[in-house]
Amino acid sequence: WSAIVLFNESNEKQYTACLRAALAHPHPPLIFYDADGNDEKYFSPKIVNNSTLVFHHPDSADKVSYVHIEVGKYDANKKRSINNMEFFEFDLHGLSSNLLDTAFVEDQKYLRKLADEAIANDPVIGMSAKMPVTRIEDWRKCMGGECPIGNLFTDALRWAGEADFAVLPSGGLRGPG
C-alpha cells in the first residue's frame, strides 16, 4: 500500500511544516494533496524527491481530471520511486453530447428532481429553541463529554440510520450553551 496525505487547512505555516515532515519521513507518502492551495508552486503536479507527487487542483464542476502514476519497485530501503506521472484534464462542456453516458444524464435529472422536491417541501422535523446550559464557569461539558443536545442528535442519527450506535466529535455541535 502507499500512503496518501490530504492537507485540508488554509494555513501556509502548518502546510509547510506538514509537507516538510511528510517528505522527510523514511516512508514518504505517494501523494500529498493540498486541498486549499497553500503553495502556488504545486498548482501543477510535481514529483518531489523522486517519491512523492505534490499538487493542488482547484475543484471545478466544468472539468474532470485525473493523475496516472507509474510506481517503481521497492528499493533496498523499502522505498518506492515514481517512474512517471501524467496529469489529464478534460473540459466537460467540450464533450459531444453523444459521448455522455445516457444513464449518467438520467441519474442527474432524477437527482435534480429529488433536490427540487426537498427544497419545495423544506420540512421542519424538529427544533431546539435553546441549548441546555452545559457550562460551569469556563468549563464546557459539551467540549469534554456528553451533553444533552449531542445525545439528542446522536439518537436522531441512530434512528435515521437504523444503527446500534452513533458518534459525534466532542465540540462538533456549537452554540452559546
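Quick look at the structure, then. Fair warning: this is a prediction, and the values are worked out from it, not measured in the lab.

### So, helix α3 (residues 148-161)
Helical geometry note: an α-helix holds 3.6 residues per turn, so side chains three or four residues apart project in the same direction.
1) Next: Between its terminal C-alpha atoms α3 stretches 20 Å, which fits the 20 Å expected from 14 residues at 1.5 Å a residue.
2) Next: Restricting attention to buried positions, one finds in α3 the residues Ile149, Gly150 and Thr154. Axial view of α3: buried residues confined to an arc of 130°, hence all on one face. Along α3, the residues that are exposed and aim more than 90 degrees away from the buried face are Leu152 and Trp159.
3) Next: Following α3 by one or two positions, glutamate 162 adopts a phi angle in the positive range, close to 50°.

### Details of the pairing of strand β1 (residues 4-7)
As a general feature of sheets, a regular strand has side chains that alternate between the two faces.
1) Next: Bridging between β1 and strand β2 (residues 31-34) involves four bridges; their strand directions are parallel. Following the sheet pairing, leucine 6 is matched in β2 by tyrosine 33.
2) Next: With helix α1 (residues 12-24) bridging β1 and its parallel neighbour β2, the resulting β-α-β unit is right-handed.

### Digging into the pattern of salt bridges
1) Next: Scanning the entire structure with this criterion turns up three salt bridges.
2) Next: A salt bridge links arginine 112 to aspartate 116; the nearest nitrogen and oxygen atoms lie 2.8 Å apart. Placement of the pair is arginine 112 and aspartate 116 together in helix α2 (residues 102-121), with a separation of four residues, close to one helical turn.
3) Next: Taking the shortest distance from any N to any O, the salt bridge between arginine 158 and aspartate 155 comes out at 3.6 Å. Of this pair, arginine 158 and aspartate 155 both sit in helix α3, three residues apart, roughly one helical turn.
4) Next: For arginine 158, a relative accessible area of 35% puts it in the partly exposed group.

### Points about the sheet that holds β1
1) Next: The four strands lie next to each other as β1-β2-β4-β3, forming an open sheet whose pairing is mixed. For this open sheet the edge positions go to β1 and β3 (46-48), each flanked by a neighbour on one side alone. Neighbour to neighbour, the strand axes of the sheet diverge by 20° on average, direction disregarded.
2) Next: Sheet strands touched by α1: β1, β2, β3 and β4 (52-55). Its angle to β2, the strand with the most contacts, is close to 175°.

### Side note on the environment of proline 28
1) Next: With respect to the secondary-structure elements, proline 28 resides in the loop between α1 and β2.
2) Next: Proline 28 sits 24 residues away from threonine 52 along the chain, and the two C-alpha atoms are 6.8 Å apart.
3) Next: Residues in contact with proline 28, not counting those within four places in the same chain, are Ala22, Leu23, Ser51, Thr52 and Lys79.

### Overview of a nonpolar patch on the surface
1) Next: Judged by side-chain polarity, Tyr110, Leu111 and Leu114 come together as a nonpolar surface patch covering roughly 290 Å² of accessible area.
2) Next: If you trace the backbone, leucine 111 turns up in helix α2.
3) Next: A relative accessible area of 48% means that leucine 111 is categorised as partly exposed.

### Description of α1
1) Next: Spanning 13 residues, α1 covers 18 Å between terminal C-alpha atoms, matching the ideal 18 Å at 1.5 Å per step.
2) Next: Against β1, β2, β3 and β4 lie the buried residues of α1.
3) Next: Near the N-terminus of α1, the side chain that reaches the backbone nitrogen of lysine 13, with its oxygen 3.2 Å away, is that of asparagine 11.

What counts, and where the lines are drawn
- Residues numbered from 1 in each chain as written.
- Predicted model: local features only at pLDDT ≥ 70, side-chain atom pairs only at ≥ 80, totals over all residues.
- Heavy atoms only, no water.
- Helix = DSSP H or I, 4+ residues; strand = E, 2+ residues; numbered from the N terminus.
- Expected span 1.5 Å × (residues − 1).
- Buried < 20%, exposed > 50% of the residue type's maximum accessible area, 1.4 Å probe, protein only.
- Arc of directions from axis to C-beta.
- Pairing = 2+ DSSP bridges.
- Right-handed = clockwise from strand over helix to strand, strands pointing away.
- Salt bridge = Lys/Arg side-chain N within 4 Å of Asp/Glu carboxyl O.
- Axes fitted to C-alpha atoms, helices over the stretch in contact; angles between N-to-C directions.
- Contact = heavy atoms within 4.5 Å.
- Patch = residues over 30% accessible without salt bridge, like charges linked within 9 Å, V, L, I, M, F, W, Y side chains within 5 Å.
- Areas by Shrake-Rupley, 256 points an atom, 1.4 Å probe, with all protein chains shown as cover.
- Polar contact = N/O pair within 3.5 Å; in protein donor to acceptor, adjacent residues only side chain to side chain.

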